[in-house]
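Chain by chain, the residues:
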Amino acid sequence: MAHGRLAGLDEIVDVGRDASRGGYSRHVWAAPELELREWFVARAAAVGLDVETDRNGNIWAWWGAPGRDAVVVGSHLDSVPGGGEFDGPLGVVSALDAIALLQAEGVRPTRPCAVVVFAEEEGSRFGVACLGSRLLTGAISADRARALTDADGVSFAEAAAAHGLDPRRVGRDDEALARIGVFIELHVEQGRGLIDLGGPLAVASSILAHGRWRIDFTGEGNHAGATRMGDRRDPMVAAARGILAIRDAARADDRATVGRIEAVPGGTNVIPSRVSTWLDARSDLDGDARALVAEITARAQEAAAAEGCEARVIEESWSGQVVFDPALRDRLAASLGGVPALPTGAGHDAGVLAGHVPTAMLFVRNPTGVSHSPEEHATLDDCVAGVVALTEVLRGLL
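Definitions and cut-offs
Residues numbered from 1 in each chain as written. Predicted model: local features only at pLDDT ≥ 70, side-chain atom pairs only at ≥ 80, totals over all residues. Heavy atoms only, no water. Helix = DSSP H or I, 4+ residues; strand = E, 2+ residues; numbered from the N terminus. Rg over C-alpha atoms; globule rule 2.2 N^0.38 Å. Buried < 20%, exposed > 50% of the residue type's maximum accessible area, 1.4 Å probe, protein only. Contact = heavy atoms within 4.5 Å. Areas by Shrake-Rupley, 256 points an atom, 1.4 Å probe, with all protein chains shown as cover. Core = buried A, V, L, I, M, F, W, Y, C linked by side-chain atoms within 4.5 Å. UniProt positions renumbered as here; feature names shortened; annotations may be inferred. Polar contact = N/O pair within 3.5 Å; in protein donor to acceptor, adjacent residues only side chain to side chain. Expected span 1.5 Å × (residues − 1). Arc of directions from axis to C-beta.

The name given to the chain in an unreviewed UniProt entry is Allantoate amidohydrolase, with the source organism recorded as Microbacterium hominis.

Structure below.
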């Protein structure tokens, strides 16, 4: 546990460091993420787990023979661009450590048990968050997933084939889904709930409704020097107006974010012909989130019209509000001495699975309250508390 981290996190601390952004960039099937996959296979094998990769690119490490009614724990290893150290890997490392502790105690599970690593949870390469779990459950169609492309124009189908998967077989996996009796995901908290409560651990109560939309502002491309200001139909100005309108449309409890912009053709001395912005919008309830996006759509179109441009809003992903299994949530909270239950504004693979199997989440305190950033953190003591808690949860379920 050198450097104040769990040993497993120490082993991967240098994988995927991003020199330009800070933090880590570990995108699905890019070199750093592939290295993490190899690390996971080796570490799982070291504690006697049998590893397999499913047809959607998710990795399963089984303690004992695979089977139905399995207790499944895990998270993801990929990151957002320039992301933090703990988002995803903490849950994977903690799951492996918890199983190792139970093995050391001589525990023999009475039901199948597995650690899973879901692919493309962040959606940073192909644009759809929780893609591995969405494919597993059928929450996204196989045809749509195969057609997704990354920033270099490589399709998901092409990338999958390049890394040993058969693109024709991606999609809902009823056999794998039927094995899951219960799913538990440990995750660093992405917010300030535990800071405010002064405790190291919580269980999740719900996930806000959320989605991603692309807003294309189109105008007239032209020469930056030869076109007078009054003669312009500049989509960059329209996009700027639109982004301010997005901020103004969001209420106090909403979340509306533009974190990515692309201009076409992208030259310094060129008025762009199209500017695409990507909106992430979230609210407590499905209807509230949909109403927020409807308001944003209207304001974006008004902003575009004011500049002689047009705006088109395209939905790229949507996840309705998730309420985690109350009985399982309460069982976990009681087994951990009555830890609090907190809602979260962050999406997770657990949220995708919650509509199909009993699902729960454990949160470990983040003393900075910052996530998706190099400032994300968790202390060694709190991480150890998370491993101990997950061990107790597994002991009760196995």
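Right, picking up where we left off after that structure.
Here's the deal with the overall build of the chain
Across its full length, the chain carries 13 helices and 15 strands. Relative to its length of 398 residues, the chain is compact, with a C-alpha radius of gyration of 22 Å against a globular reference of 21 Å. Along the three orthogonal principal directions, the C-alpha set of the chain runs to about 80 × 45 × 40 Å. Out of the 398 residues in the chain, the part that is buried amounts to 55%. Sequence separation of 24 or more characterises 77% of the internal contacts of the chain that already satisfy a separation of 6 or more. Accessible surface for the chain amounts to roughly 16,300 Å². Of this, 50% is attributable to carbon and sulfur atoms.

Re the nonpolar core
Within the largest apolar cluster, 50 residues are counted, with the highest numbers of intra-cluster contacts made by F40, L90, V115 and I184. The element that contributes the greatest number of residues to this core is helix α3 (residues 89-104), accounting for eight residues. Excluding its chain neighbours within four sequence positions, the residues that come into contact with F40 are I59, A61, L77, V92, L96, V115 and V117.

Structural notes on the UniProt feature "binding site: Zn(2+) 2" (unreviewed entry) in the chain
The feature "binding site: Zn(2+) 2" (unreviewed entry), as annotated in UniProt, sits at D87, E122 and H372 in this numbering. Annotated residues spanning 286 residues; largest pairwise C-alpha distance 9.8 Å, indicating a single compact cluster. Along the chain, the position of E122 falls in the loop between β4 (113-118) and α4 (131-137). Not counting the four nearest positions on each side in its chain, E122 is found in contact with H76, D78, S79, V80, D87, A129, R212 and H372. With respect to the secondary-structure elements, H372 resides in the loop between β15 (359-364) and α13 (380-397). Here H372 falls in the partly exposed class, since its relative accessible area comes to 40%. Looking at H372, its side chain comes within polar contact range of the side chain of D87, at 3.2 Å.

A short note on the side chain of E121
As for its placement among the helices and strands, E121 is situated in the loop between β4 and α4. E121 has contacts with H76, D78, A129, C130, G347, H348 and D349, leaving out every residue within four places of it along the chain.

Digging into helix α10 (residues 286-306)
The α-helix winds at 3.6 residues per turn, so residues separated by three or four positions along the chain end up facing the same way. The end-to-end C-alpha distance of α10, which contains 21 residues, comes to 31 Å, matching closely the 30 Å that a straight helix rising 1.5 Å per residue would cover. Among the residues of α10, A289, L292, V293, I296, T297, A300, A303 and A304 are the ones counted as buried. The buried residues of α10 all sit within an arc of 145° when viewed along its axis, so they share a single face. Opposite its buried face, α10 presents the exposed residues E302, A305 and A306, each directed more than 90 degrees away.

Details of the UniProt feature "binding site: Zn(2+) 1" (unreviewed entry) in the chain
Using the residue numbers shown here, the UniProt feature "binding site: Zn(2+) 1" (unreviewed entry) corresponds to H76, D87 and H187. For the annotated residues, spread through 112 residues, the largest C-alpha to C-alpha distance comes to 9.7 Å, consistent with a single compact locus. Mapped onto the elements, D87 comes out in the loop between β3 (70-76) and α3. Taking the relative accessible area as the measure of exposure, D87 reaches 5% and is therefore buried. Excluding residues within four positions of it along the chain, D87 makes contact with H76, D78, E122, H187, V188, Q190, S371, H372 and E376. Within the local environment of D87, its side chain forms a polar contact with the side chain of H187, the two groups lying 2.8 Å apart. Looking at the secondary structure, you find H187 in strand β5 (residues 180-188). Setting aside its immediate chain neighbours within four residues, H187 contacts S75, H76, D87, G88, H348, M361, L362, F363 and V364.

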